[in-house]
Amino acid sequence: MEKWVANLFNEEVLKEAADRFSVSIKESKKLGDFENYVYQVTKDGTPYILRLTHSSHREKSQVEAELNWVNFLHSKGVNVSLVKHSNNQLLVEGISVGNSSFFACLFEKAPGRPVRAKEDLFGPTLFEKWGKTIGHMHKVTKEYKAKGSRRERWEEEELFNFQHYLSSENDQEIIDRGYEIINSIKGLEETKDSFGLIHSDIHPGNFFYHEGEIYVFDFDDSAYHYFISDIAIPLYYSIWWKFREEDLETRTRFGEEFLTNFLKGYLQENSIDEPWIKKISLFMELRDLTLYSVFHKKWDIENLSEEEGKLLSQIRDRLVRKEPIVELDYQRIINLLSLERHN
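Here we summarise the structure given alongside this text. (Residues numbered from 1 in each chain as written. Predicted model: local features only at pLDDT ≥ 70, side-chain atom pairs only at ≥ 80, totals over all residues. Heavy atoms only, no water.)

**What about the overall build of the protein chain?**
Thinking step 1. Scanning the protein chain from N- to C-terminus turns up 12 helices and 10 strands.
Thinking step 2. Taking all 343 residues of the protein chain together, 52% fall into the buried category.
Thinking step 3. Partitioning the intrachain contacts of the protein chain with sequence separation of at least 6 by distance along the chain shows that 75% fall at a separation of at least 24.
Thinking step 4. In the protein chain, 45 side chains carry a positive charge and 59 a negative one; their mean positions are 4 Å apart. (Helix = DSSP H or I, 4+ residues; strand = E, 2+ residues; numbered from the N terminus. Buried < 20%, exposed > 50% of the residue type's maximum accessible area, 1.4 Å probe, protein only. Contact = heavy atoms within 4.5 Å. Lys, Arg positive; Asp, Glu negative; His and termini not counted. Charge placed at Lys NZ, Arg CZ, Asp CG, Glu CD.)

As structure tokens, then:
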């Protein structure tokens, strides 16, 4: 969290948010503070997730649009955390702090547990279920009609203002490449089957695994975007979490296994035209650029920790060398999936 926002947040803000939803923070547990303040709280002994979003990050209408979609997905049988109403029968409660606000909302806590990249469960069966879950989400979203406020389109993301966050002295080549990638994606066709509201960030930190099912949460980055991006990002982060320090050959070998099994599950729920699969690399590079930008926004670049410096250098080195995080033969994967479907 940016320092100036952290300076506005305090125990009184948290208590006020809890009071609006009649939950207890007596034994609350802080779960995150990167883009939102996230706490596990309780109500009548049952755990819930209380999230507070600063107005510099999202407008109230944007938060409402996110939560309306989440509850729609829940109504269609997608494994997501239902959003609860406040004592005032609101999904979002605004708490004023000076000239800004924190927007509070409450979610049911997803069942299950996180999956670690190094455990045995992180393998083909999970990847297939992961793809099946997102395929289901995309299929039902095609019939979703937003009422009132709408989420932003992908290109409105402020992190794409690369020249604001990156140094033109050190990173001009990366800045220029960023705008080239954005312009390339802008030129792609938007249809009901290729473009819609997506989660945008379904990595292993944003779902739990429970009794053979995946339960997705944290829709804060949801936006109108190409569905293929919701496939590229799980591929990206699976490699990034497990093999980011390995060579390209190792990353690619794992990437083929992941994507083949992921698409096997996805295609059980939703269709995707083959040319879109071949565009995954475009969206993978966009994620590299987005992470590079967000780290510059969130971190004190002049005083990086050892781990922060390593992560930033890994991404920068790839971008400068024009080396993808993974280099897949997408036609080979398409052929493997086609062969399997016909057997």
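Once you've had a look at it, read on.
**Some words on the packing of aromatic side chains**
Thinking step 1. Scanning the model with the defined rule gives 27 aromatic pairs in all.
Thinking step 2. Taking 5.8 Å as the distance between ring centres and 85° as the angle between the ring planes, the aromatic pair formed by F127 and F254 counts as edge-to-face. Within this pair, whereas F127 is found in helix α4 (residues 124-141), its partner F254 is found in helix α8 (residues 248-266), the two being separated by 127 residues in sequence.
Thinking step 3. Ring geometry for F254 against F258: centres 6.4 Å apart, planes inclined by 35°, an arrangement best described as tilted. Of this pair, F254 and F258 are both found in helix α8, 4 residues apart, which corresponds to roughly one turn of the helix. (Phe/Tyr/Trp six-rings, centres within 6.5 Å; stacked < 30°, edge-to-face > 60°.)

**What about the packing of helix α3 (residues 60-75) against α4?**
Thinking step 1. Running from N to C, α3 and α4 point in directions that differ by 105°, and their axes come no closer than 10 Å. Taken as axis vectors, α3 and α4 run roughly perpendicular relative to one another. Between α3 and α4, the residues in contact are W69, F72 and L73 and M137, V140 and T141, respectively.
Thinking step 2. Tallied by class, the residues present in the contact of α3 with α4 amount to 5 nonpolar, 1 polar and no charged. (Axes fitted to C-alpha atoms, helices over the stretch in contact; angles between N-to-C directions. Parallel < 35°, antiparallel > 145°, perpendicular 65-115°, else oblique. Nonpolar A, V, L, I, M, F, W, Y, C, P; charged D, E, K, R; others polar.)

**Structural notes on helix α7 (residues 229-243)**
Thinking step 1. Along its 15 residues, α7 runs 20 Å from first to last C-alpha, staying within 8% of the 21 Å computed at 1.5 Å per residue.
Thinking step 2. Within α7, 13 of the 15 residues are buried, leaving the element largely enclosed by the surrounding structure. (Expected span 1.5 Å × (residues − 1).)

**Here we look at the pattern of salt bridges**
Thinking step 1. Under the counting rule described, the total for this entry stands at 32 salt bridges.
Thinking step 2. Among the ionic pairs, E2 bridges to K298, the shortest N-O distance being 3.1 Å. Residue E2 is located in the segment before α1 (3-6), and its partner K298 is located in helix α10 (residues 280-298); the two are separated by 296 residues in the primary sequence.
Thinking step 3. Under the relative-accessibility criterion, K298 is labelled buried at 12%. (Salt bridge = Lys/Arg side-chain N within 4 Å of Asp/Glu carboxyl O.)

**Notes on the layout of surface pockets**
Thinking step 1. For the second largest pocket, the calculated volume is near 320 Å³.
Thinking step 2. Taken together, 16 residues line the second largest pocket, and the ones lying closest to its centre are R177, E285, L319, K322 and E323.
Thinking step 3. Every element with two or more residues in the lining of the second largest pocket is listed here: α6 (168-186), α10 and α11 (306-321).
Thinking step 4. Of the residues in the lining of the second largest pocket, the class split is 6 nonpolar, 1 polar and 9 charged. (1 Å grid on protein atoms, 1.4 Å probe; cavity = no way out; pocket = protein on both sides within 12 Å on 5 of 7 lines; lining within 4 Å. Points joined across faces, edges and corners; volume = space filled by probe spheres on them.)

**A few points about the packing of α7 against α8**
A pair of packed helices is characterised by two quantities: the angle between their axes and the separation of those axes.
Thinking step 1. Running from amino to carboxyl end, α7 crosses α8 at an angle of 140°, the nearest separation of the two axes being 10 Å. The angle between the axes of α7 and α8 places the two elements in the oblique class. Judged by the sense of rotation from one axis to the other, the crossing of α7 with α8 is right-handed. For the pair α7 and α8, contact is made by D230, I231, P234, L235, S238, I239, K242 and F243 and by T250, R251, F254, G255, F258, L259, F262, L263 and Y266, respectively.
Thinking step 2. Of the residues that constitute the contact of α7 with α8, the class distribution is 11 nonpolar, 3 polar and 3 charged. (Left-handed = near helix turned anticlockwise from the far one by under 90°.)

**Quick look at the side chain of K298**
Thinking step 1. Only 3.1 Å separates the side chain of K298 from the side chain of E2, close enough to count as a polar contact.
Thinking step 2. Only 3.1 Å separates the side chain of K298 from the backbone oxygen of F34, close enough to count as a polar contact.
Thinking step 3. Apart from the residues lying within four places of it in its own chain, the contact partners of K298 are E2, F34 and E35. (Polar contact = N/O pair within 3.5 Å; in protein donor to acceptor, adjacent residues only side chain to side chain.)

**Observations regarding the nonpolar core**
Thinking step 1. Ranked by internal contacts, the top residues of the largest apolar core, which has 91 residues, are W130 and I280.
Thinking step 2. In terms of residue count, the dominant contributor to this core is α10 (10 residues).
Thinking step 3. Setting aside residues no more than four positions away along its own chain, I280 makes contact with I228, I231, A232, L235, L259 and Y330.
Thinking step 4. Counting residues in each nonpolar core, the second largest holds 20 residues, with V5, A17, I25 and F102 among its members. (Core = buried A, V, L, I, M, F, W, Y, C linked by side-chain atoms within 4.5 Å.)

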